[in-house]
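The chain contents come next:
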Amino acid sequence: DRHLDDVRSVALVSLHARRGVLQQDLALSPTFAPEGLGAEVLEMIEGDIEGELEQRFGADVVPLVRATGAAGYSALPTAQPVDDWAAPRDAVAVDVDAPSAPAALGAVARALGVDAVVVLRHEWWLSRVRYARSVAHNGHDRCTVLVVDARDRLVWRDTVVAQVSSSQLVLLPGAGGLGAGATADEARALARRTARIAWSDLVARARAAPRTTSAAPSSPSATPLSEPPAPLSEPPAPLSTQPLSAPPPPSSAPPPPLSAPPR
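Residues numbered from 1 in each chain as written. Predicted model: local features only at pLDDT ≥ 70, side-chain atom pairs only at ≥ 80, totals over all residues. Heavy atoms only, no water.

1. Some remarks on the packing of aromatic side chains
- Scanning the model with the defined rule gives one aromatic pair in all.
- Summarising the aromatic geometry, the rings of W156 and W199 are spaced 5.9 Å apart at their centres and angled 55° between planes, so their arrangement reads as tilted. On the criterion of sequence distance, the pair formed by W156 in strand β7 (residues 154-171) and W199 in helix α4 (residues 184-208) is long-range, its members being 43 residues apart.
- Under the relative-accessibility criterion, W156 is labelled buried at 6%. (Phe/Tyr/Trp six-rings, centres within 6.5 Å; stacked < 30°, edge-to-face > 60°. Helix = DSSP H or I, 4+ residues; strand = E, 2+ residues; numbered from the N terminus. Buried < 20%, exposed > 50% of the residue type's maximum accessible area, 1.4 Å probe, protein only.)

Put into structure tokens, the structure is as follows:
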């Protein structure tokens, strides 16, 4: 949205992810992605995300720990089922598809005194590719960003899916080495790497996308960020309809005849 360029101050009001890192291949070891791994990764990347927001918007970011105490924060719509989602600092896992989300987020933006608020959602899962004598693990992140300004306008929403492959190959038994089980540390590393790639992709897509005009505020109580200019006291005078100068009078004598062409 073209109004995204007007955002100069933001607050991170919701950083959440699925509580676990899903496994696309059921044959993966349970120790590879233990229960609650998604919540652990969120706590590890919270500071990184606030730094990335500062770079994107060029201003200090109101951190999550302060945003959760804003007036109207408890009215934000919550993603369901509640037990599927995790968020640090007791933050709300905002339902990004709820019709009431823009108005509720706009109210929090006004309470915090910022131009806009940011919601960031991560959904991580793992897969693996089997080769003749080894196995490679892949990490995936479906990342969604939602930015609503203080006029209840949705100025940025996008979703990307990032993928990264592990640099480690696990040798299969009988391939000339001992079979090594994947570790939870590797799964955490894959999740963090995909989160960085996903954010870079989101920012690049926002810069490349053509700007469009946003819809009108969804709440009549929304206040503008600045006052409109005062109307002119008098309308401008109309342009004169008189010609700048009179045209020359027509000549009474006919023009001289043309000379005869040469022989």
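2. Points about the nonpolar core
- With 63 residues, the main nonpolar core has V13, L105, W124 and W156 as its most contacted residues.
- Residue contributions to this core peak at nine residues, all from α4.
- In this structure V13 touches L64, A67, Y73, A91, L105, V108, L112, V117, V118 and V119, once residues within four positions along its chain are discounted. (Core = buried A, V, L, I, M, F, W, Y, C linked by side-chain atoms within 4.5 Å. Contact = heavy atoms within 4.5 Å.)

3. Observations regarding helix α3 (residues 101-112)
- Helix length check: α3, at twelve residues, gives a terminal C-alpha distance of 16 Å against a target of 16 Å (1.5 Å per residue), a fit within 8%.
- Buried within α3 we find A101, A104, L105, G106, V108 and A109.
- Against β1 (10-18), β5 (116-130) and β6 (134-149) lie the buried residues of α3.
- Two residues or fewer past α3, G113 is found with a positive phi of approximately 70°. (Expected span 1.5 Å × (residues − 1).)

4. As for unusual backbone geometry
- The residue after Q80, namely P81, is reached through a cis peptide bond having omega -10°.
- Residue position: P81 is located in the loop between α2 (64-67) and β4 (85-86).
- Its identity as a non-glycine residue notwithstanding, R89 has a phi of 60°, on the positive side.
- Summarising the element assignment, R89 is placed in the loop between β4 and α3.
- Located in the positive-phi region is D90, a residue other than glycine, with phi close to 55°.
- Judged by relative accessible area, which is 75%, D90 ranks as exposed.

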